[in-house]
Amino acid sequence: MTYSIFNCFRTGAIASLLLLTSSCNNTASTNSNLSSQTLSPDRTTLVVSHFADQVVIPTYQQLVKEAGELSKAVNEFVENPTQKTLKATQKAWVATRSPWEQSEAFAFGPAESLGYDGDLDDWPVNETDVVAIINSQDEITLESVKKLQTTQKGFHTIEYLLFGLDSQKTAQNFSKRELKLLQNLTVAFNESANNLTKSWAEGVNGNPAYREVLATAGIQNNPAYPTPQAAVEEILQGMLGCLDEVANEKIGKPLETKDYLTFESRFSQNSLTDFQNNLKSVENVYLGRISGTEAQSNSISALVAQKNPELDQKIKQELKAAIEAVNAISSPIENTIKNPETTAKLTSAKTAISTLFSTLETQLLPLIKT
């Protein structure tokens, strides 16, 4: 679930907004004690700023790091297309996929309004048009690749080229045009990943850094977030959107069709890992951290615990249950979707995720709005 709010800041309000940012941050830095019994604007602003600095930007920075490694691996494979270099490149694709899927709970702001989400991760791949590019005589350049439809580039077109339809592609299967397309797609992907990260940390195309947009929530001349609670609500809607997509699209569609073709990362057979990383994304947002680190005091969880500790514990328990339900499924699910045991475990996971969604929507969201 995403929102087109970034363009609101292409106005004269940007200057006054940014002038207020430093004073807002200074105020936030002196309000780290979360013992108050009310959700004050200063404390909520601190949580929002922490979310951008400790969750969003580090996750995207990891994406940039892995995308650089993927680009390096692709170049080595193109120069020396062997099974060894292909396997290394496939492994690099999977590694790059991880931080991206852990960003799915905050796919709002620049990811949506500036088109980076589509450039990086549109799906399904338009296989017919990709094959037409490979079979044509048109020159393949970086500029021509950038002009392609989003269903002809990004994660899944790179995945399609690297793994093939059945995850059995060999180095000998690549034509020269496939190698050239793969190389240029990866360069374009890397550029989009870097720009997405920059859009949050520094700003792009004359727009302010999106972290500043969040940090100044509730300050005069912030049309996107007139109150700090509005910024937190945006973050919660991102979590809800991620959970809804996993339960009803990524898991729900294959359960309905019993067709492996409806799994998103079916070429690489990485769909189950996608689900796991999506739930980590929701968990990271709630706990104010990145994976592998401790929950933070400046988090949505801390805000909830301050006002309703029972609800905070309930959400944590339901997060844990959803994660365990997904982890109980055996991989690769693409090969076993018609197996009753697999469908039963997928159904259990869908139910657990839907339960968490309901709690966030009917209990957490109203709490934040008060």
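Residues numbered from 1 in each chain as written. Predicted model: local features only at pLDDT ≥ 70, side-chain atom pairs only at ≥ 80, totals over all residues. Heavy atoms only, no water.

*Asks:* Would you mind showing me how to read the overall build of the protein chain here?
*Replies:* Secondary structure summary: the protein chain contains 15 helices and zero strands in total. In the protein chain, buried positions account for 54% of the 370 residues. The contacts in the protein chain between residues at least 6 apart in sequence include a share of 78% that link residues at least 24 apart. If you sum the accessible surface of the protein chain, you get close to 15400 Å²; carbon and sulfur atoms cover 49% of it. (Helix = DSSP H or I, 4+ residues; strand = E, 2+ residues; numbered from the N terminus. Buried < 20%, exposed > 50% of the residue type's maximum accessible area, 1.4 Å probe, protein only. Contact = heavy atoms within 4.5 Å. Areas by Shrake-Rupley, 256 points an atom, 1.4 Å probe, with all protein chains shown as cover.)

*Asks:* Explain the packing of aromatic side chains to me, please; I cannot follow it from the model alone.
*Replies:* Aromatic rings in a pair are described by how distant their centres are and how their planes are angled relative to each other. Applying the stated criterion across every chain yields a total of 11 aromatic pairs. Measuring from centroid to centroid gives 5.7 Å for W93 and F155, while their planes differ by 90°, and the two rings are edge-to-face. Taken together, the residues span a long stretch of sequence, with W93 in helix 3 (residues 83-101) and F155 in helix 8 (residues 155-163) at a distance of 62 residues. Ring plane angle 65° and centroid distance 6.0 Å describe the contact between F108 and W200, whose orientation is recorded as edge-to-face. Taken together, the positions of F108 in the loop between helix 3 and helix 4 (110-113) and W200 in helix 9 (residues 176-201) put the pair 92 residues apart, joining distant regions of the chain. On the accessibility criterion, F108 (0% relative accessible area) is buried. Taking the ring centre of F155 as reference, the NZ or CZ of R97 above it sits at 4.9 Å. Between the NZ or CZ atom of K169 and the centre of the ring of F174, over which it lies, the distance is 4.0 Å. (Phe/Tyr/Trp six-rings, centres within 6.5 Å; stacked < 30°, edge-to-face > 60°. Lys NZ or Arg CZ within 6 Å of the ring centre and 35° of its normal.)

*Asks:* I'm lost on the side chain of K169 in this one. Help?
*Replies:* Mapping K169 onto the fold places it in the loop between helix 8 and helix 9. Side-chain polar atoms of K169 contact the side chain of E178, separated by 2.7 Å. Excluding residues within four positions of it along the chain, K169 makes contact with L86, Q90, L161, L162, F163, G164, F174 and E178. (Polar contact = N/O pair within 3.5 Å; in protein donor to acceptor, adjacent residues only side chain to side chain.)

*Asks:* Help me out: how do you make sense of helix 8 in this one?
*Replies:* Residues lying three or four places apart along an α-helix face the same way, a consequence of the helix completing one turn every 3.6 residues. Most of helix 8 is tucked away, with nine of its nine residues classed as buried. The complete set of buried residues in helix 8 reads F155, H156, T157, I158, E159, Y160, L161, L162 and F163. Count one or two residues on from helix 8 and you reach G164, which has phi positive near 80°.

*Asks:* Hey, could you run me through the pattern of salt bridges in this one?
*Replies:* Charged atoms that come close allow side chains of opposite charge to pair. In total, this model carries 18 salt bridges according to the counting rule given. Across the salt bridge formed by K250 and E101, the nearest N and O atoms sit 2.8 Å from each other. On the criterion of sequence distance, the pair formed by K250 in helix 11 (residues 228-257) and E101 in helix 3 is long-range, its members being 149 residues apart. Two residues, E341 and K345, come together in a salt bridge whose shortest N-O distance is 3.3 Å. With E341 and K345 both in helix 15 (residues 340-369) and four residues apart, the pair spans about one turn of that helix. When salt bridges with common partners are traced through the structure, they connect R97, E101, D121, K250, E264 and D274 into a single cluster. (Salt bridge = Lys/Arg side-chain N within 4 Å of Asp/Glu carboxyl O.)

*Asks:* What is the right way to look at the packing of helix 11 against helix 12 (residues 271-287) in this model?
*Replies:* Describing two packed helices takes the angle between their axes plus the distance from one axis to the other. The N-to-C vectors of helix 11 and helix 12 enclose an angle of 160°; their axes lie 10 Å apart at closest approach. The angle between helix 11 and helix 12 places the two elements in the roughly antiparallel class. Judged by the sense of rotation from one axis to the other, the crossing of helix 11 with helix 12 is left-handed. Counting all contacts with helix 11, which are made through I235, M239, C242, L243, V246, K250 and I251, the residues of helix 12 involved are F275, N278, L279, V282, V285 and Y286. (Axes fitted to C-alpha atoms, helices over the stretch in contact; angles between N-to-C directions. Parallel < 35°, antiparallel > 145°, perpendicular 65-115°, else oblique. Left-handed = near helix turned anticlockwise from the far one by under 90°.)

*Asks:* Where do I start with the packing of helix 13 (residues 300-307) against helix 14 (residues 309-327) in this structure?
*Replies:* As a packed pair, helix 13 and helix 14 sit with axes 5 Å apart at the nearest point and diverge in direction by 140°. Taken together, the axes of helix 13 and helix 14 lie oblique to each other. Two secondary-structure elements touch here, helix 13 through S301, V304, A305 and K307 and helix 14 through P309, L311, D312 and K316. A per-class count over the contact of helix 13 with helix 14 returns four nonpolar, one polar and three charged. (Nonpolar A, V, L, I, M, F, W, Y, C, P; charged D, E, K, R; others polar.)

*Asks:* Got a minute to help me understand a negative patch on the surface in this structure?
*Replies:* Together, D244, E245, E249 and E361 make up a negatively charged patch on the protein surface. If one sorts the elements of the negative patch by residue count, helix 11 sits on top with three residues. If you trace the backbone, E245 turns up in helix 11. (Patch = residues over 30% accessible without salt bridge, like charges linked within 9 Å, V, L, I, M, F, W, Y side chains within 5 Å. Lys, Arg positive; Asp, Glu negative; His and termini not counted. Charge placed at Lys NZ, Arg CZ, Asp CG, Glu CD.)

*Asks:* Any chance you could explain the nonpolar core here in plain terms?
*Replies:* Ranked by size, the top nonpolar core spans 101 residues in total, and within it F51 and W200 carry the most contacts. Tallying contributions element by element places helix 2 (residues 41-79) first for this core, with 14 residues. Residues within four places of W200 in sequence aside, it is in contact with F51, A52, V56, I57, Y60, F108, P110, A209, Y210, R211 and L214. (Core = buried A, V, L, I, M, F, W, Y, C linked by side-chain atoms within 4.5 Å.)

*Asks:* How should unusual backbone geometry be read in this particular structure?
*Replies:* Excluding glycine, residues mostly have negative phi values, and the peptide bonds linking residues are mostly trans. Cis geometry marks the peptide bond from W123 to P124; its omega dihedral reads 5°. Here the residue pair S331 and P332 is connected by a cis peptide bond, since its omega of 0° sits within 30 degrees of zero. Here P332 lies in the loop between helix 14 and helix 15. In this model, K258 sits at a positive phi of 55°, which is unusual for a non-glycine residue.

*Asks:* Can you help me understand the confidence of the model for the protein chain in this one?
*Replies:* The predicted coordinates ought not to be read in detail in places where the model reports low pLDDT. Here the protein chain shows a mean pLDDT of 89. Residues at 70 or above account for 89%. Scored below 50 in pLDDT, residues 1-39 makes 82 contacts in the model with residues more than four places away or belonging to other chains. (pLDDT = per-residue confidence, 0-100.)

*Asks:* Any chance you could explain the environment of V285 here in plain terms?
*Replies:* Along the chain, V285 turns up in helix 12. With relative accessibility at 2%, the residue V285 sits in the buried group. Sequence spacing of V285 and V55 is 230 residues, and the spatial spacing of their C-alpha atoms is 6.7 Å.

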